[in-house]
Amino acid sequence: MRRAPRGRPDIGDNGCVRGKRWDIITLGPARRRRRMARQLRDLDRWYAGQRTRHAAPGARAEALRGSLVGILTTVAVLAATWVVLHEQGYSVGSDGVTRRMGAGPLAGVRDAGAYAFVAHQAGDPGSPVAYDPCRPIHVVVNDELAPPGADEILHSALTEASRATGLRFVRDGRTDELPASDRPLRDPARYGGGWSPVLVAWTTAAQDPRLAGDVAGLGGSAAVAERLTGRRRYVTGTVSLDSPALSGLLRRGPDGSRRARAVVLHELGHVLGLGHVADRGELMHAESLTRTSFGPGDRAGLARLGRGRCTG
């Protein structure tokens, strides 16, 4: 290698040396380190932003699912609580939890005497089909052919049935409806929305052929099944009374009036869910001639019918 002339240093070597010295003097390594650190921080922020942007929809969906599950769980718990309280005869309102009607008969009744039920819940022979004890039973009356004193007899019979069951009857007035075996459960044109009220009709065998012969009255109710539980409950019924036959009883004085009232009570027993029994000491005997009011077995059965489960 040719030696460079004195006084003229090698340009390449001199440039390299001067560059290193200048870089050191101007703190170049530190500047580069700071610059590299800034770039790495920027790169980290960019990478984190990319991850957040791609992960955000999934995270939001997960949070939404969690909130939805929480809301549905709360609603399910509240609904189950309401159903249990409602079935036990309580209502929940702004004034808290209160006991509603349907607590059974007004006085304690011993389970003594013969009684039978018209129908039982499917698979549960110990649970009779009954009216909702937490709702009043609405009643309409066709009294076009009613004899004198008929309204007093009906009022007295409804009062005794209410005391025996704890159920409440509400008189909705008069109607022109005639009894029929295929009576509709709902009749919006005549009664508006809801179930048809219980019909009490003073009629004749000509209007209701089921009263032919020595039949003084007929009574029964129609049941529907609840959607959620499948339990059946009565929603409406009919009492068909042979007006000429009962008029003849009423003309016999106080004893005839009591016997006419017993006929009405007997048919109301059927409407509420009682069937016939073999014991002649009970009013629900098919041909009872001795009793003019509910017997001990009748009252025990009616008490059970009044303590049914409240429905939604």
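Peer 1: So what exactly am I meant to see when it comes to the packing of helix α3 (residues 150-165) against helix α7 (residues 296-306) here?
Peer 2: Two quantities define a packed helix pair, namely the angle between the axes and the distance from one axis to the other. With their axes 7 Å apart at the nearest point, α3 and α7 run at an angle of 70 degrees to one another. As far as their axial angle goes, α7 and α3 are roughly perpendicular. Between α3 and α7, the contacting residues are Glu160, Ala164 and Thr165 on the first element and Arg299, Leu302, Ala303 and Gly306 on the second. Residue composition of the contact of α3 with α7, grouped by class: three nonpolar, two polar and two charged.

Peer 1: Where do I start with a nonpolar patch on the surface in this structure?
Peer 2: Taken together, the side chains of Met36, Leu40, Leu43, Trp46 and Tyr47 present a nonpolar region at the surface, about 570 Å² in accessible area. Tracing the sequence through the fold places tryptophan 46 in helix α2 (residues 28-87).

Peer 1: Looking at this structure, I do not really get the packing of α3 against helix α6 (residues 254-272). What am I missing?
Peer 2: Packing of α3 against α6 leaves a shortest axis separation of 9 Å and a crossing angle of 45 degrees. Relative to α6, the element α3 is oriented oblique. Between α3 and α6 lies a crossing whose hand is right-handed. Taking contact as the criterion, the partners of Ile153, Leu154, Ser156, Ala157, Leu158, Glu160, Ala161 and Thr165 in α3 are, on α6, Ser257, Ala260, Arg261, Val264, Leu265, Leu268 and Leu272. Split by residue class, the contact of α3 with α6 holds ten nonpolar, three polar and two charged.

Peer 1: Just to check I follow, could you spell out the pairing of strand β8 (residues 217-225) for this structure?
Peer 2: Within a regular strand, the side chains alternate between the two sheet faces. Summarising the sheet, β8 and strand β9 (residues 232-242) pair through nine bridges and their orientation is antiparallel. The residue of β9 that forms the bridge with serine 221 is glycine 237. Once β8 ends, the chain turns through six residues before running back antiparallel as β9, passing glycine 230 with a positive phi of about 80 degrees.

Peer 1: Looking at this model, I keep getting lost on the pattern of salt bridges. Mind explaining?
Peer 2: Should their charged atoms come close, side chains of opposite charge can pair. Tallied over the full model, the rule gives twelve salt bridges. One salt bridge connects glutamate 160 with arginine 261, and the closest N-O pair in it is separated by 2.3 Å. Of this pair, glutamate 160 sits in helix α3 while arginine 261 sits in helix α6, placing them 101 residues apart in sequence. Considered together, glutamate 160 and arginine 261 belong to a single accessibility category, that of buried residues. For arginine 258, the salt bridge identified is with aspartate 255, shortest N-O distance 3.7 Å. Taken together, the positions of arginine 258 and aspartate 255, both in helix α6 and three residues apart, correspond to about one turn of that helix. Residue classification places arginine 258 among the partly exposed positions, given a relative accessible area of 43%. Taken together, the shared-partner salt bridges in this structure form one network comprising Glu160, Arg261 and Arg299.

What counts, and at which threshold
Residues numbered from 1 in each chain as written. Predicted model: local features only at pLDDT ≥ 70, side-chain atom pairs only at ≥ 80, totals over all residues. Heavy atoms only, no water. Axes fitted to C-alpha atoms, helices over the stretch in contact; angles between N-to-C directions. Helix = DSSP H or I, 4+ residues; strand = E, 2+ residues; numbered from the N terminus. Parallel < 35°, antiparallel > 145°, perpendicular 65-115°, else oblique. Contact = heavy atoms within 4.5 Å. Nonpolar A, V, L, I, M, F, W, Y, C, P; charged D, E, K, R; others polar. Patch = residues over 30% accessible without salt bridge, like charges linked within 9 Å, V, L, I, M, F, W, Y side chains within 5 Å. Areas by Shrake-Rupley, 256 points an atom, 1.4 Å probe, with all protein chains shown as cover. Salt bridge = Lys/Arg side-chain N within 4 Å of Asp/Glu carboxyl O. Left-handed = near helix turned anticlockwise from the far one by under 90°. Pairing = 2+ DSSP bridges. Buried < 20%, exposed > 50% of the residue type's maximum accessible area, 1.4 Å probe, protein only.

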